[in-house]
Amino acid sequence: MKLGAQLYSVRDNVQNADDFRTTLLRLKKMGYENVQASGIGPISPEDLRDISLETEMPIVCTHISLERIVNDTDAVIREHKLFNCPVIGLGAMPKENRSTQEGLDSFLAQMKTPVEKILDAGLQFSYHNHQFEFVVPEGGNRMMFDYMLEKCPDWLFLLDTCWVEYAGQSAVEYIKKIGGKRLTNVHFKDVAPIDPADPQEILGQKVSRFIRTPGQGRLDFQAIYEACAEVGVENVLVEQDNAPKTPDPFAEMEFAYHHLRPIIH
């Protein structure tokens, strides 16, 4: 299993080709083995390919806008093939689709044709969760995430361990439920410890207050890693949403690496 970096964690430092190269080299020097391209600037696919090859840091997946996936599918496929990325990812469904069963079904119908094109081209499509998928939508009879697992058998899922646990679910259980064939990449980020005097204290707070760098919160990454290993996950990707707003985002990524490296092998 590889330990990689979600570039959204250092998004302020990947807005042009030169910074992208410098950032990949810094992450590689820390020990990271690959990256997810998300939150990056308008860098050409040719530059992404060349820098990825030069730094020996493969791009294992992306987050692409829904608009481009739906309306510019062929170009998105060509670009991913150019920089040798096997997985086209979507970070979240639109807000208007999140609260009702009708909205969820509309989103899934919208994705049908682009996902078919992606699969026919020999690539894979992956959906990244937040907390809102772990509720029963109005008009539905089960949690959105479970519904998507059943209705979208050809989708991969990029499970975000922080959001699963924040939603009151078990990351370990969902890793096993999804299985390795549909779970090639997993996000590791931590959740603030719960105050025993007020277990609901973190709920509803801003992201900057409850998301933590791996090793600074309450998640049991040893158990989560063991579940990943059991089902055959290929890549653990460190994601630290708050890092760009901290004094040194790379220090946070380095802390996460040193916390996780003894666990992941």
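Keep in mind the model is a prediction, meaning the values are calculated, not measured.

Asker: Is there a simple way to think about the pairing of strand 4 (residues 87-90) in this case?
Answerer: On a regular strand, one side chain projects to one face of the sheet and the next to the other, so that they alternate. Residues Val87 and Gly89 line one face of strand 4 and the alternating positions Ile88 and Leu90 line the opposite face, and both faces are buried. Bridge count for strand 4 against strand 5 (residues 124-128) is 4 bridges, and the pairing is parallel. Each residue of the ladder has a partner; that of Ile88, found in strand 5, is Phe125.

Asker: Would you explain the packing of aromatic side chains in this entry?
Answerer: Two numbers describe a pair of aromatic rings. These are the distance of the centres and the angle of the planes. The full count for this structure, using the stated rule, is 12 aromatic pairs. Centroid distance Phe107 to Trp155: 6.1 Å. Interplanar angle 85°. Geometry classified as edge-to-face. Taken as a pair, Phe107 in helix 5 (residues 101-120) and Trp155 in the loop between helix 6 (144-151) and strand 6 (156-160) lie far apart in primary sequence, 48 residues in all. You can call Phe107 buried: its relative accessible area is 0%. Between Phe145 and Tyr174, the ring centres sit 5.5 Å apart and the planes meet at 85°, which makes this aromatic pair edge-to-face. With Phe145 in helix 6 and Tyr174 in helix 8 (residues 171-178), this residue pair connects regions lying 29 residues apart in the sequence.

Asker: Please explain the nonpolar core as it appears in this structure.
Answerer: For soluble globular proteins, the rule of thumb is that nonpolar side chains tend to be buried together. In terms of nonpolar packing, the biggest core is built from 79 residues, with Leu27, Tyr32, Phe107, Tyr127 and Trp155 touching the most fellow members. Residue contributions to this core peak at 6 residues, all from helix 5. Those residues in contact with Trp155, other than ones at most four positions away along the chain, are Phe107, Leu108, Met111, Val115, Phe125, Tyr127, Met148 and Arg182. Grouped together as the second largest cluster of nonpolar side chains are 6 residues, Cys61, Val87, Leu158 and Leu237 included.

Asker: What is the right way to look at the state of the cysteines in this model?
Answerer: The bond known as a disulfide is covalent and runs between the sulfur atoms of two cysteines. Inspection of every chain in the model, using the stated rule, returns 0 disulfides. Free of any disulfide, Cys61 has its nearest neighbouring cysteine sulfur in Cys85, separated by 6.2 Å. Judged by relative accessible area, which is 1%, Cys61 ranks as buried. Left without a disulfide partner, Cys162 is nearest to the cysteine sulfur of Cys228, which lies 15 Å away.

Asker: How do you make sense of unusual backbone geometry when you look at a structure like this?
Answerer: Note: most peptide bonds trans; most residues except glycine with negative phi. Its identity as a non-glycine residue notwithstanding, Glu56 has a phi of 60°, on the positive side. For Glu56, the location among the structural elements is in the loop between helix 2 (45-55) and strand 3 (59-62). The residue Asn84 is not glycine, and still its phi comes out positive at about 60°. Along the polypeptide, Asn84 turns up in the loop between helix 4 (73-82) and strand 4. Residue Asn84 is classed as exposed on the basis of its relative accessible area, which comes to 65%.

Asker: What is the right way to read the sheet that holds strand 3 from this model?
Answerer: Note: strands within a sheet are paired through backbone hydrogen bonds, in either parallel or antiparallel orientation. Spatially, 3-2-1-10-7-6-5-4 is the arrangement adopted by the 8 strands of the open sheet, whose pairing is parallel. The sheet terminates laterally at strand 3 and strand 4, the two strands that pair on one side only. Adjacent strand axes in the sheet meet at a mean angle of 30°, parallel and antiparallel pairs treated alike. Pairing of strand 7 (residues 185-188) with strand 10 (residues 235-238) involves 4 bridges; the strand directions are parallel. Across the sheet, Val186 pairs through a bridge with Val236, a residue of strand 10.

Asker: Where do I start with the pairing of strand 5 in this structure?
Answerer: Judged by how many residues are buried, strand 5 sits mostly within the fold: 4 of 5 residues are covered. Across 3 bridges, strand 5 lies against strand 6 in parallel orientation. What sits directly across from Tyr127, in strand 6, is Phe157. At this point the chain moves from strand 5, through helix 6, to the parallel strand 6, and the crossover so formed is right-handed.

Asker: What should I look at first to understand the pattern of salt bridges in this one?
Answerer: Opposite charge on two side chains allows them to pair when their charged atoms are near. Going through the model one piece at a time under the given rule, you end up with 14 salt bridges. Of the charged contacts in the structure, one is a salt bridge between Arg49 and Asp50, with a shortest N-O distance of 2.9 Å. Judged by its relative accessible area of 28%, Arg49 is partly exposed. Residue classification places Asp50 among the partly exposed residues on the basis of a relative accessible area of 36%. The closest approach of N and O atoms between Lys189 and Glu239, which form a salt bridge, is 3.0 Å.

Asker: Looking at this model, I keep getting lost on the packing of helix 8 against helix 10 (residues 221-231). Mind explaining?
Answerer: Between two packed helices, both the angle of their axes relative to each other and the distance between the axes serve to describe the pair. Relative orientation of the contacting elements helix 8 and helix 10 amounts to 5°, with a least axis distance of 9 Å. Relative to helix 10, the element helix 8 is oriented roughly parallel. Of the residues in helix 10, those touching helix 8 at Ala171, Val172, Ile175 and Lys176 are Ala223, Ile224, Ala227, Cys228, Glu230 and Val231. Across the contact of helix 8 with helix 10, the residue classes tally to 8 nonpolar, no polar and 2 charged.

Conventions and cut-offs
Residues numbered from 1 in each chain as written. Predicted model: local features only at pLDDT ≥ 70, side-chain atom pairs only at ≥ 80, totals over all residues. Heavy atoms only, no water. Buried < 20%, exposed > 50% of the residue type's maximum accessible area, 1.4 Å probe, protein only. Helix = DSSP H or I, 4+ residues; strand = E, 2+ residues; numbered from the N terminus. Pairing = 2+ DSSP bridges. Phe/Tyr/Trp six-rings, centres within 6.5 Å; stacked < 30°, edge-to-face > 60°. Core = buried A, V, L, I, M, F, W, Y, C linked by side-chain atoms within 4.5 Å. Contact = heavy atoms within 4.5 Å. Disulfide = S-S within 2.5 Å. Axes fitted to C-alpha atoms, helices over the stretch in contact; angles between N-to-C directions. Right-handed = clockwise from strand over helix to strand, strands pointing away. Salt bridge = Lys/Arg side-chain N within 4 Å of Asp/Glu carboxyl O. Parallel < 35°, antiparallel > 145°, perpendicular 65-115°, else oblique. Nonpolar A, V, L, I, M, F, W, Y, C, P; charged D, E, K, R; others polar.

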